[in-house]
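Topology and contacts: notes
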2 protein chains.
Amino acid sequence: MELSIPLAADGRSPYYEQIYSYIKRELLTGRIRKGEKLPSTRALSLALSISRNTVQTAYDQLTAEGYLIPEPQRGYFAADVQWNYAGENAAAAETFSPDKAPQTEDYAVDFAPFGVDVAHFPFATWRKLAREILIEENREVLTGGDPRGEYGLRASICRYLNSSRGMRAKPEQVVIGAGTAYLLMLLTQLTGSRRIAVEDPTYRHVSRMLKRLSHEILPISTDRQGIRTEELRQTDADMVYVMPAHQFPTGAVLPLNRRQELLRWAEERPGRYLLEDDYDSEFRYRGKPIPSLSALGVSDPIIYLGTFSQTVTPAIRVSFMVLPESLNRDFDEKCGYYSQTVSRIDQEVLAKFMDGGYFERHLNRMRGVYRGKHDALIEALQPFAGAFSVSGERAGLYLRLTSKKGVPESRLIAAAKEAGVKIYGVSEYFLTPRESASVLLGFANLQEAEIRDGVRRLEEALL
Amino acid sequence: MELSIPLAADGRSPYYEQIYSYIKRELLTGRIRKGEKLPSTRALSLALSISRNTVQTAYDQLTAEGYLIPEPQRGYFAADVQWNYAGENAAAAETFSPDKAPQTEDYAVDFAPFGVDVAHFPFATWRKLAREILIEENREVLTGGDPRGEYGLRASICRYLNSSRGMRAKPEQVVIGAGTAYLLMLLTQLTGSRRIAVEDPTYRHVSRMLKRLSHEILPISTDRQGIRTEELRQTDADMVYVMPAHQFPTGAVLPLNRRQELLRWAEERPGRYLLEDDYDSEFRYRGKPIPSLSALGVSDPIIYLGTFSQTVTPAIRVSFMVLPESLNRDFDEKCGYYSQTVSRIDQEVLAKFMDGGYFERHLNRMRGVYRGKHDALIEALQPFAGAFSVSGERAGLYLRLTSKKGVPESRLIAAAKEAGVKIYGVSEYFLTPRESASVLLGFANLQEAEIRDGVRRLEEALL
């Protein structure tokens, strides 16, 4: 059998997925029949002039789903798809897509605010370190491990927090977990239900999660400087969730006086806590990174949340929290029976990545990459200076554009869509519903040329 | 500098940890001084006649914690430990131990019921598959991925459940998560607070977690056959947590009539659910594996929990649940904003492990290994036939020994301890406090010779 698969190099759908979908459709519609032998991965990769790994990935996926049957030394054969649970109707052929949502919509440029750049991931280093961990002599790595996370990784995190965030945390205070959501669940076991003040607007997922975890959510309005601490004092909150280094979605950096006010508030009454989410503090393009709240020298009322999703890759799912002593001492009793959620192998690879200096090198490199994208976006946006103000710049992976005339975000988004550009409103992040004239432009997973192209299109649509 | 480290080959503490502790102590007590150069990993491994990797692991740990400073091309140097946060007092030198608890107690043989055998993990295969995934062409693996878990892995799990557990689940019903505890948290978001009936005794961690997740727990007593379904009917429970394939800690296999009664109970009223924990169904040494509840053909009231902790390794932290349609349709709305907790890289490695036939081969091998240990234990226990009955055998990784004379477990455990053997009581698993004359003997991470040695010691202590 020969397959002539029409590959579209528009970047919207990876090749392996196009091959996957094509073969699946051919099978479900009966054009490839049960028992037919498919071209070898080698033959198909040569015919399509693409890497053999790409074909292999598609074949693996088709095999995983039961569409192809691999026979050692012989090759791949078409399965009887009537047998297959997914084969009930041919429409199912379209449903597989690992990251469907962003790809099926028809945008030339997508300024997604939660993206990260995956083009510069140090695969070779990671492979090498994984190989060093996955050795017979290192069998301990297969056993359960510490519920808080491996001591070695916790120590590496402390040294990093010390040098990069000005914090003096001990490994004994650190808890590693597979994502911020999971850590918030653990934290809830320690704090019990709380009245949690949050910045309005805020990171919606977190406020929703906190609510579902049966906390009461108290929105506090923000101004240019960030959370309005005098408004906080008018509530009966006993915890505050803040992003002082780079607030989402406003992009504001909380100034020192507000930080001190937050700390004062927390220290006035025992049992009050500041929940500091330091999600993207590493990427700061002018000046030094903003120190964390904990760096102010008072650590007891602060619970610190950090993640490697932005700095390494979201794929490895490693987040961590630093607990104040008053909560930490109850951890073993209240949370000790939750097994660690991050693979011990991954923990050891990450610890080696940090200890070997690779993490610092990678961060420096990514700072350069992101600075380039950030600067390209700022420069391209110069024609917008009359009609729009830019905020949240100089840090993070997105910035905010606000219409000076107050054009509502829905109109901005619709006009951009006409021009083939996806931009993101901020009103959905407000807990108190309100009109917004602001949009977010994320730049992390765009190339500089795409950024310029996107802004040119926005110019025609919005100016 | 030369170090003569006295290594103890008693198996209680791994070599790398002994090296780690020795050097740390030397540093903290000032016997190794700031700036001194340590022996190279090569020199030390030759001097101690151990693998260089072992020394490297110790040095890496010491480096991670700031005790040693590595200098490229030059070697390792002693840090100024006064600076180090962990160096406040020399007592801290003793605190590091990745799996302290089981190692510091003084037992010759530990029949831990939750152990697994890590000696047969296919490191070479896993390394190879990880290398195949960690390639530049496969950058998608670095992006966020599906909150439910990768479709490919979910499809592999379904094919496995179909062939091995007789279930007809669709990938769309499967949710992957980092451990059962996390999945129970997600599940709670879907079911809301429930009145959950549990077998008494049961797996304590789960019942505690369910309670903390604000469910009400209703203990139902068990007899030789398992959960007493007529007692269940006298409660107002709307969910039941059961381990039909191999109940912990009784080891009972729920017979077909009880299974049918459970299903009948669940189907009588809409909104009732059976939460089936199938934690170690794979290891069955006589006859075929017991099918899951879902295999009976009715799937709606059943929530199925599975894990790869026993079958592959607890290190990778991959569990999964299969949701019935009535809960599944709300998943995206109620849980869609929780990011997937398992590394996408690990998911893809595991999918390849399953699809390439390695999983089946590994399972077959481990079944043989565990059968050997199980049979060795059963045979060694023959002299106990007069005074003890054995139950829970022929499956799983532990069995239960019950004193026919009703000698309380506390006395059995104390006598065994005298003989240097650790055995485990079952009374702590009862929700309704009661005396027990039973102990658990886990055999997974013992060698057959250790099993025989342990039982010989028990013979003297208990008979």
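Since this is a predicted model, take the numbers as computed values, not measurements.

1. Here's the deal with the relation of the copies chain A and chain B
For these two chains of identical sequence, chain A goes onto chain B by a turn of 180° and a shift of 0.1 Å along the axis, with RMSD 0.1 Å. The operation mapping one copy onto its partner corresponds to a two-fold rotation axis. Comparing interface residues between copies, 100% of those in chain A also lie at the interface in chain B; the contact surface is shared.

2. A closer look at the sheet that holds strand 7 (residues 226-227) of chain B
Residue and element names in this part refer to chain B. In spatial order, the strands read 4-11-10-9-8-5-6-7; together these eight strands make up an open sheet with mixed pairing. Strands at the two margins of the open sheet, each flanked by one partner only, are strand 4 (174-177) and strand 7. Sheet contacts for helix 6 (residues 151-165): strand 4, strand 10 (302-307) and strand 11 (319-322); angle to strand 4, the most-contacted strand, approximately 110°. Across the sheet, helix 8 (residues 204-212) is in contact with strand 5 (195-200), strand 6 (216-223) and strand 8 (239-242); its angle to strand 6 comes to roughly 155°.

3. Concerning the sheet that holds strand 8 (residues 239-242) of chain A
In spatial order, the strands read 4-11-10-9-8-5-6-7 (chain A); together these eight strands make up an open sheet with mixed pairing. The strands lining the two open edges of the sheet, one partner per strand, are strand 4 (174-177) and strand 7 (226-227) of chain A.

4. What about unusual backbone geometry?
Cis geometry marks the peptide bond from A:Asp200 to A:Pro201, where omega comes out at 10°. Within the fold, A:Pro201 resides in the loop between strand 5 (195-200) and helix 8 (204-212). Cis geometry marks the peptide bond from B:Phe248 to B:Pro249, where omega comes out at 0°. Its place among the elements puts B:Pro249 in the loop between strand 8 and helix 10 (256-268). Located in the positive-phi region is B:Ser214, a residue other than glycine, with phi close to 65°. By secondary structure assignment, the location of B:Ser214 is in the loop between helix 8 and strand 6.

5. Re the interface of chain A and chain B
Taken together, the contact pairs 77 residues of chain A with 78 residues of chain B. In total, chain A and chain B occlude about 7000 Å² of area from one another, counting both sides; carbon and sulfur atoms represent 60% of this. Between chain A and chain B we count two salt bridges in total. When the shortest N-O distance is used, the salt bridge between B:Glu136 and A:Arg127 registers 3.5 Å. Linking chain A with chain B are 15 residue pairs in polar contact (both at pLDDT 80 or more), by the criterion used here. Among the secondary structure elements, those contributing two or more residues to the side of chain A that touches chain B are helix 3 (52-64), helix 5 (123-133), helix 6 (151-165), helix 7 (180-191), helix 8 and helix 13 (344-355) of chain A. Here the residues of the side of chain A that touches chain B sort into 36 nonpolar, 18 polar and 23 charged.

6. Describing the confidence of the model for chain A
Regions with low pLDDT should not have their predicted coordinates read in detail. Residues and elements named next belong to chain A. On average, residues of chain A score 86 in pLDDT, and 92% of them reach the 70 mark or higher. Element-level mean pLDDT values for chain A span from 40 in helix 4 (residues 100-104) up to 97 in strand 8. Every residue in residues 82-104 is under pLDDT 50, and counting partners more than four places away or in other chains gives 45 contacts. Complex prediction metrics read pTM 0.75 and ipTM 0.71.

7. Let's talk about helix 2 (residues 41-48) of chain A
Residue and element names in this part refer to chain A. Among the residues of helix 2, Thr41, Leu44, Ser45 and Leu48 are the ones counted as buried. Each buried residue of helix 2 lies within a common arc of 100° when the element is viewed along its axis, so the set occupies one face. Across helix 2 from its buried face, at more than 90 degrees, point the exposed residues Arg42, Leu46 and Ala47. Once helix 2 ends, the next one or two residues include Ser49, with phi positive near 55°.

8. Some details on the pattern of salt bridges
Within the structure shown, the criterion is met by 46 salt bridges over all chains. One salt bridge connects B:Arg148 with B:Asp332, and the closest N-O pair in it is separated by 4.0 Å. Here B:Asp332 lies in helix 12 (residues 331-335) and B:Arg148 lies in the loop between helix 5 (123-133) and helix 6, a separation of 184 residues in the sequence. You can call B:Arg148 buried: its relative accessible area is 9%. The closest approach of N and O atoms between B:Arg434 and B:Asp200, which form a salt bridge, is 3.8 Å. Residue B:Arg434 is found in the loop between strand 15 (424-425) and strand 16 (438-442), and its partner B:Asp200 is found in strand 5; the two are separated by 234 residues along the sequence. Owing to a relative accessible area of 39%, B:Arg434 belongs among the partly exposed residues under this scheme. For B:Asp200, a relative accessible area of 2% corresponds to the buried category. One continuous salt-bridge network, built from bridges that share partners, spans A:Arg194, A:Arg195, A:Asp236 and A:Asp238.

9. Regarding the packing of aromatic side chains
Taken as a whole and judged by the stated rule, the model has 37 aromatic pairs over all chains. Plain terms: the ring middles of A:Phe384 and A:Phe388 are 5.7 Å apart, the flat faces sit at 55° to each other, and that makes the pair tilted. Each member of the pair, A:Phe384 together with A:Phe388, is buried. When the centroid spacing of 5.6 Å and the interplanar angle of 55° are considered together, the rings of B:Phe114 and B:Tyr203 count as tilted. Of this pair, B:Phe114 sits in the loop between strand 3 (109-110) and helix 5 while B:Tyr203 is found in the loop between strand 5 and helix 8, placing the two residues 89 residues apart along the sequence. Above the face of the A:Tyr337 ring, B:Arg208 is positioned so that its terminal group lies 5.2 Å from the ring centre.

10. Thoughts on the state of the cysteines
Residues and elements named next belong to chain B. Enumeration according to the criterion identifies zero disulfides over all chains in this entry. Cys335 supplies the cysteine sulfur nearest to Cys158, a cysteine that is in no disulfide, at a spacing of 18 Å. Taking relative accessible area as the criterion, Cys335 reaches 1% and is therefore assigned buried.

Procedures and definitions
Residues numbered from 1 in each chain as written. Chains lettered and ligands numbered in written order. Predicted model: local features only at pLDDT ≥ 70, side-chain atom pairs only at ≥ 80, totals over all residues. Heavy atoms only, no water. Least-squares fit on C-alpha atoms with pLDDT ≥ 70 in both. Contact = heavy atoms within 4.5 Å. Pairing = 2+ DSSP bridges. Helix = DSSP H or I, 4+ residues; strand = E, 2+ residues; numbered from the N terminus. Axes fitted to C-alpha atoms, helices over the stretch in contact; angles between N-to-C directions. Buried area = accessible area lost by both parts, 1.4 Å probe. Salt bridge = Lys/Arg side-chain N within 4 Å of Asp/Glu carboxyl O. Polar contact = N/O pair within 3.5 Å; in protein donor to acceptor, adjacent residues only side chain to side chain. Nonpolar A, V, L, I, M, F, W, Y, C, P; charged D, E, K, R; others polar. pLDDT = per-residue confidence, 0-100. Buried < 20%, exposed > 50% of the residue type's maximum accessible area, 1.4 Å probe, protein only. Arc of directions from axis to C-beta. Phe/Tyr/Trp six-rings, centres within 6.5 Å; stacked < 30°, edge-to-face > 60°. Lys NZ or Arg CZ within 6 Å of the ring centre and 35° of its normal. Disulfide = S-S within 2.5 Å.

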